[in-house]
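# Chain and residue survey
The lines below spell out each chain.
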Amino acid sequence: MSKYALFLGCTIPARQPNYELSSRKALAKLEVELVDLPDMTCCSPPPVQSLDLETSLAIASYNLCLAEEAGLDLLALCSGCFESLAIANAELKHDPELKARINRILSATGKQFRGTVEIKHLLEVLNEDIGLKRLKAAVSRPLSNLKIAPFYGCHALRPSELLKLDDPEQPHILETLIEALGAKSLEYPNKLKCCGGLLRGVSDKLALELARDKLLNASKAGADCIATLCPFCFVALDIGQIQIRSKLDETFDIPILHYSELLALALGVESSELALETHKIRVDKILDRI
Amino acid sequence: METKEPKVGVFLSDSGKQLSNILDFHAITNFVKGIPGVVYVAQGSDFWHDRGLENLVETVKSKKIDRVVVAGTTPKLSEVKIAREIEKAGLNPYLMEYLDLKDHCAMPHRSTPAEATEKAKAMLAGSVERAKLLEPLKKLEFPSLKSALVIGGGIAGMQTAIDLADLGFQVNLVEREPFLGGLAARAGRFFPTDDCAICIQPPSSDVKTITHTSRKCVYRSGFSEVPNLAIHTKTRVLAVEGEPGNYSVTIEKTPRYIDEDKCINCDKCTKVCPVEVPDEYNGKLTKRKAVYSNIPSVHPPIYTIDENSCKFHDCARCVEACPTGAVKLDQKPEKTTINVGSIIVATGFEEFDSSVIKEYHYNEYPDVITNLQLARMIDNFGPTKGAILRPSNHQPAKKIVFVQCVGSRDQRYKLYCSSICCMISLKHATIIKSAFPDTDVTICYIDMRTTGREHEYYYEKARDMGIKFVKGRPTEITKSLETDKLVVDTEAALLHRMLQVEADLVVIAPAMIPAKGTEQLAEVLGVDLDIDGFFKEYNAKLRPTETKLRGIYICGGATFPKDAPTTSLHAHSAAIKAAKFLNASKITKDQRTAVIDQDFCGDCEFCPATCPYQAISVERKDEEHLAAKVSDLLCEGCGICVGACPLGAIELRHARPSQMKAQMKGLMSVNGTSSPLILAICCSECGHTAVDSSGMAMMEYPANVRVMRVPCTGIVQVQQILEAFKAGAQGVMVVGCKTEGCHYEAGSEKAEKKVDMTKILLQEYGVDPERLEMFKMVFIEGREFAEAARNMTERLQKLGRLNLIPS
Ligand SMILES: Cc1cc2nc3c(=O)[nH]c(=O)nc-3n(C[C@H](O)[C@H](O)[C@H](O)COP(=O)(O)OP(=O)(O)OC[C@H]3O[C@@H](n4cnc5c(N)ncnc54)[C@H](O)[C@@H]3O)c2cc1C
Ligand code: SF4
């Protein structure tokens, strides 16, 4: 039985209980033990990184130190958290000078970064630790009636040389894991482009156009739903549809589900246990088909 | 050995009183007369022509002297002439020392005549001491063969081969493919002449008299009839042994399985052959049989069997079909050895494999093709007979988008500009637009580079024809969902927006990279590749077809992507260099080479690894010991090995440590008011000429800086620097070429490391490491030399006197 420290970050506990619940329940079914470590803090995402890199690395590595103390690898759900922590981990491991500087900052908290743990993405845990064979065997409610448009977002894949999750231009991992649930994974144009999520509030119009582009292409391709990995992509595409309706006068009705939700459903978790009412675009259509 | 005291004659020239205005010649003459070993001193205006030279020659002839020291002006002009005359007068020309009193002494120190005179004395003392230790050197001759090997049968290799054959050399042309022509055989039409790419053979004198044409396609060129030329197709170079002038090359020929004398090109074999494979020659846009020939007939006009796909005796239908019995399925690969004097590499380049750029989906979307594939379509003999069709459905392509710089100018792949692909795309775009005017053609570019003669006219013409240009590197090529079209997603920098351009066909312009196998070939030949993997020239500016190894030349696309006109120039240049080398049937070289003292040589194998010219080999001396051996032919006399040998077992015959030490002591021996004394060890290439130029340009620096010339700073040994301090130097400057411009490849880089190492040692010995510095400069940096000399003097003045033995 594998065991990970769970890193939830800020957005998921605040806004997306559906992501947390589905992940916990699905992983429990797969006999993965998740440990909640006290005192975890912000992952220090790109906006913080661009203010002051060393401070941001110190914040991120504080979390890594907690995992090191517990002797557990960290499992991150949010792509942003995954990216920030994995970058910090990789950079400090490879640059002894940087590590020394950050450790000087960390010493105020009594922590020292040693570089003994790994940061895992949910998909990596499923693909490598559990493996496709075990995953397929555990599926009790195959999603064979569903055509799913995979949506990676940016932060799970790049910077690829540090994150090493998959080829950033031609990734396959999400498609493979969707097919492992019995569903059909669809190809559609621009599937690797930005969801617009981080542009919300900065340039709403551009943000909505980007989201619209993904929704349009996925629906043209015949998708029943879009599978996301990141809370921000989820918001951009889910709430985004409501805004697109009011601002651009265009109606899509494509349910957006985190991959973990699809996974939980396929593994037989009851839909009532998954806080699906969090979704702005109702998912009943999907539930009816499985 | 007879030990005879050397008798030194010193010739002091004042250059028509130019020098005696500054230097006290009377004092200098008296000083020189007092140096032990000096038996004759003459003073005059100059000694390199007229009466001065006659006097010098007569003195040598009289046998009064057997060492000559000439102190005068501009030795770079006069020293060769004097050396020749000395030789005629019966003295070995290497027994001469020449020093430049004008630019190294009088001019730069004209404001301090007393110190200048002191320095002149020191320079003479140094030169006399060195002269006494000089030894006569031999002129060596090595026999060489009047034959050459040309590797690669593209337009570069073919032209070089014809040139050399016409000049009477025996030429072996080795091409690994079954047919000659290289890229040109596939490109269809060539800019800037707009004629056939395969019209490549320049007139070969003998054949021309029969065929009466000025230039022609390779298939009717009579190429195989060129006297002195042996063509080996389907052949690879396996090993090269020997030395310049006498290489023994092992080549292996894969059979054609077709008797070259019997094949009559009837095509009956391909009709019956049941095997079909993708046709490489046509960019895999079509298929060919296992027995095939490329059309239009390239050279040689003989079919070939592809051994990787033929079923041989399990099928053998061609054997029956052939009316002349030419098919020989039992031919075996043949290894042969050929002996040649020189080797010319002309292995060309190829398109980069763009499938690694995943966002362009090359090799995945059939309608994304490269320029070379498009060239095959445009060719009337090609797979589509000149029509531009979409490979996915064989329908005409009405909307075509070219994507430039695919893999070129990209930090992820190749940083360089491949230099010819803008022109190739312009050529293709205009050809298509002329033939099919309603085709919509767009070119996405970063910069359009059309730098050759008349090249800009193609760009101009393309714009006039309505070809659209979008400034931007596409981010992705995708497939549209509604239609079967491709969509090129690109920035349009001039419009400040993103564009999505629909296309039936996307043509990418891949980076041009070295031909496959370039690395192995470079290893076999022992020559270097540049940072991008192309064959590296000895000097890109002045010796563009030579390698660092005598006798091995490079040309054409093998050195960097080139268009055909530049390739031709390069090929002819390589031919003339090889011809010059081979012409005399012998290589003449002096013995300014390294020599190894076998009593000291001790098994370490450092020297063979450091020699840039592979001149040192290691042989087994006995059961336990190895012995290094220097080839006088390959040795360039730089002395990098001398600096590398931990046991001091290697010396250069013309720059022995004893000679350098004696000169150094002489240079430091005269010390009145000049202080602090600095020894500047300068390489004879850039370092010493930078000193020349500082004098020529009338730069001034203090006379306490004294210059010693060495062949290359790579020769400098750690103990030599320490000896300089012992001899009285307060500081040491090592002045060599720039790292990239070092005339002996690695010398100045090695010297720099040694200087760093010596600094550590000095620190240990309690000597401030600031007293030692490495400088890198070129001839025109005389000002930099003067400045460095002044700064070094100031620095040492601040540090105070160096006392090696603490009082
Ligand atoms: C698509 C395309 C279009 C072009 N259009 C133009 C144009 O319009 N105008 C223009 O001026 N130029 C054009 N060029 C450039 C032109 O083709 C080159 O300048 C020219 O072909 C270079 O000749 P080369 O002999 O140096 O090299 P290549 O043509 O590459 O010939 C090298 C030969 O060496 C052989 N070889 C390689 N390695 C070995 C080995 N180890 N042993 C034995 N043989 C070996 C190869 O098989 C090949 O036959 C074009 C190039 C391309 C790719
Ligand atoms: S020649 Fe043009 S297409 Fe080729 S690399 Fe240079 S700029 Fe790019």
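The structure presented is a predicted model; accordingly, all values stated were derived computationally and were not measured.

### Considering the domain arrangement of chain A
All names here are of chain A. Domains assigned within chain A are domain 1 (2–121) and domain 2 (140–289). For domain 1 versus domain 2, the separation of C-alpha centres amounts to 24 Å. Every contact between the two is made by 26 residues of domain 1 and, on the other side, 27 residues of domain 2. Together domain 1 and domain 2 conceal approximately 2,200 Å² of surface at their shared face, both sides included; 70% is due to carbon and sulfur atoms. Across the pair E273 and K25 runs a salt bridge, and its minimum N-O distance is 3.1 Å. Applying the counting rule to domain 1 against domain 2 returns eight residue pairs in polar contact (both at pLDDT 80 or more). When contributions to the side of domain 1 that touches domain 2 are tallied by element, the ones reaching two or more residues are α1 (11–15), α2 (17–29) and α5 (79–94).

### Here we look at the site of ligand 1
Residues and elements named next belong to chain B. Not every one of the 32 residues close to ligand 1 is listed here, only the nearest: E175, F191, K427, K562 and A564. E175 is positioned such that a nitrogen or oxygen atom in its side chain is 2.6 Å from an oxygen atom of ligand 1. For ligand 1, the protein covers 96% of the area, taking 1,000 Å² as the surface of the free molecule. Breaking the shell around ligand 1 down by element, the ones donating at least two residues are α6 (155–166), β8 (189–190), α11 (421–435) and α14 (564–582). Counting residues per element, the shell around ligand 1 draws most heavily on α14, which supplies three residues. Of the residues in the shell around ligand 1, the class split is 16 nonpolar, nine polar and seven charged.

### Section: α14 of chain B
Residues and elements named next belong to chain B. The end-to-end C-alpha distance of α14, which contains 19 residues, comes to 27 Å, matching closely the 27 Å that a straight helix rising 1.5 Å per residue would cover. Inspection of α14 places A564, T567, S568, H570, A571, A574, A575, A578, A579, F581 and L582 among the buried residues, and these make up the whole buried set. Residues of α14 that are buried in the fold lie against β6 (147–151), α6, β8, β20 (342–345), β31 (552–554) and β32 (586–590).

Reading the values: the criteria
- Residues numbered from 1 in each chain as written.
- Chains lettered and ligands numbered in written order.
- Predicted model: local features only at pLDDT ≥ 70, side-chain atom pairs only at ≥ 80, totals over all residues.
- Heavy atoms only, no water.
- Domains from an automatic or database assignment.
- Contact = heavy atoms within 4.5 Å.
- Buried area = accessible area lost by both parts, 1.4 Å probe.
- Salt bridge = Lys/Arg side-chain N within 4 Å of Asp/Glu carboxyl O.
- Polar contact = N/O pair within 3.5 Å; in protein donor to acceptor, adjacent residues only side chain to side chain.
- Helix = DSSP H or I, 4+ residues; strand = E, 2+ residues; numbered from the N terminus.
- Near = heavy atom within 4 Å.
- Areas by Shrake-Rupley, 256 points an atom, 1.4 Å probe, with all protein chains shown as cover.
- Nonpolar A, V, L, I, M, F, W, Y, C, P; charged D, E, K, R; others polar.
- Expected span 1.5 Å × (residues − 1).
- Buried < 20%, exposed > 50% of the residue type's maximum accessible area, 1.4 Å probe, protein only.

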